[in-house]
There are 2 protein chains.
Amino acid sequence: MARSSAASDVFSAIAEPRRRQIIDLLSRKRSLAVGAIVLSLGLPQPVVSKHLGVLREVGIVSVSKQGQRRVYELNHDQLRPVYDWIKTLERHWDHQLDRIRERAERRARAAAAPEQAKSPAQATHKKGTP
Amino acid sequence: MARSSAASDVFSAIAEPRRRQIIDLLSRKRSLAVGAIVLSLGLPQPVVSKHLGVLREVGIVSVSKQGQRRVYELNHDQLRPVYDWIKTLERHWDHQLDRIRERAERRARAAAAPEQAKSPAQATHKKGTP
DNA sequence: TTGACATATTCCGTAATGGGAATATAATCC
DNA sequence: GGATTATATTCCCATTACGGAATATGTCAA
């Protein structure tokens, strides 16, 4: 019963290495025809078409006919759930963002409570809260 | 063969919604015994144990015996491949990072050349989850 | 039309998935 | 020792996944 299937769930869709490869390809080149993907990945055409089918069903890619070929492109938005989910754990990876944000917050705190500021922050008028 | 199995591939491991739930739980509470997870998710204990088994095999979680219970905790590092992969597409989402970095740099420049300080210090920018 | 090309779909076989129920292991308490 | 609690493991089953081969659909060109 409705086990999260690759055909409907983004996370399952990206579980397949070759599907991730396809996504990688499409994120670099703006758009690609099936043939180009087949060439690039070196997989049998039916295999590629089937993977594209899965990605299509989930909404990760979209097609447009162009002559006798189908041109695929990435819908980045559909991958957002993955991004949002993993981003929750971002703080654990000592990411640049953290250092920047941390510094900003330290600075903000210092500006908000200047009496316990150990480091002599030059200037900084304090500032009322909006 | 060697289809990327959930038992060996991180992406496959996190494809399962309940496994993601477990990860979410463990990322909030530092460490949890199986019983607590069972309680929290409302799933049968064997099911939880099996999911934990998968996460364990991949290395996403690790166990330690504590009395008669096994306490699990998250190994964030193992999820890094997911983070790194999805982060490639970050630019498409006009991410907060850019704004924060920009602001920080502006601020840094202002601090380096204090005589022309005139920036509106918007210290506290609490950003709730959208 | 016929034929070449580009892509999708179907059928098949094998392997893996995840849940349920029952059972096994292990630690703790009496 | 035996009983109880906590967790893992095994067996079974229905479902799904993926690749391969063959075939179907669609499009252009002459």
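Our structure is the block above this text.
Quick caveat, the model's predicted, so the values are computed rather than measured.

Draft legend 1. View of the protein's contact with DNA strand C. Around DNA strand C there are 28 residues in total, and A:Ala33, A:Gly35, A:Pro46, A:Arg69 and B:Ser5 lie nearest to it. At the level of secondary structure, the elements contributing two or more residues to the surface near DNA strand C comprise α3 (34–41), α4 (45–58) and β3 (69–74) of chain A together with α4 (45–58) of chain B. Looking at which element gives the most residues to the surface near DNA strand C, the answer is α4(A), with six residues.

Draft legend 2. Focus on the protein's contact with DNA strand D. Residue and element names in this part refer to chain B. The environment of DNA strand D is formed by 27 residues, the closest being Ala 33, Gly 35, Pro 46, Ser 49 and Arg 69. Tallying contributions element by element places α4 first for the surface near DNA strand D, with six residues. A breakdown of the residues in the surface near DNA strand D according to their chemical character gives eleven nonpolar, eight polar and eight charged.

Draft legend 3. Quick look at the pairing of strand β2 (residues 61–66) of chain A. All names here are of chain A. Where β2 lies against β3, six bridges are found, and the strand directions are antiparallel. Paired with Val 63 across the bridge in β3 is Tyr 72. Hairpin geometry of β2 and β3 is characterised by an intervening segment of two residues between the two adjacent antiparallel strands and by a positive phi of about 65 degrees at Gly 67.

Conventions adopted
- Residues numbered from 1 in each chain as written.
- Chains lettered and ligands numbered in written order.
- Predicted model: local features only at pLDDT ≥ 70, side-chain atom pairs only at ≥ 80, totals over all residues.
- Near = placed C-beta within 6 Å.
- Helix = DSSP H or I, 4+ residues; strand = E, 2+ residues; numbered from the N terminus.
- Nonpolar A, V, L, I, M, F, W, Y, C, P; charged D, E, K, R; others polar.
- Pairing = 2+ DSSP bridges.

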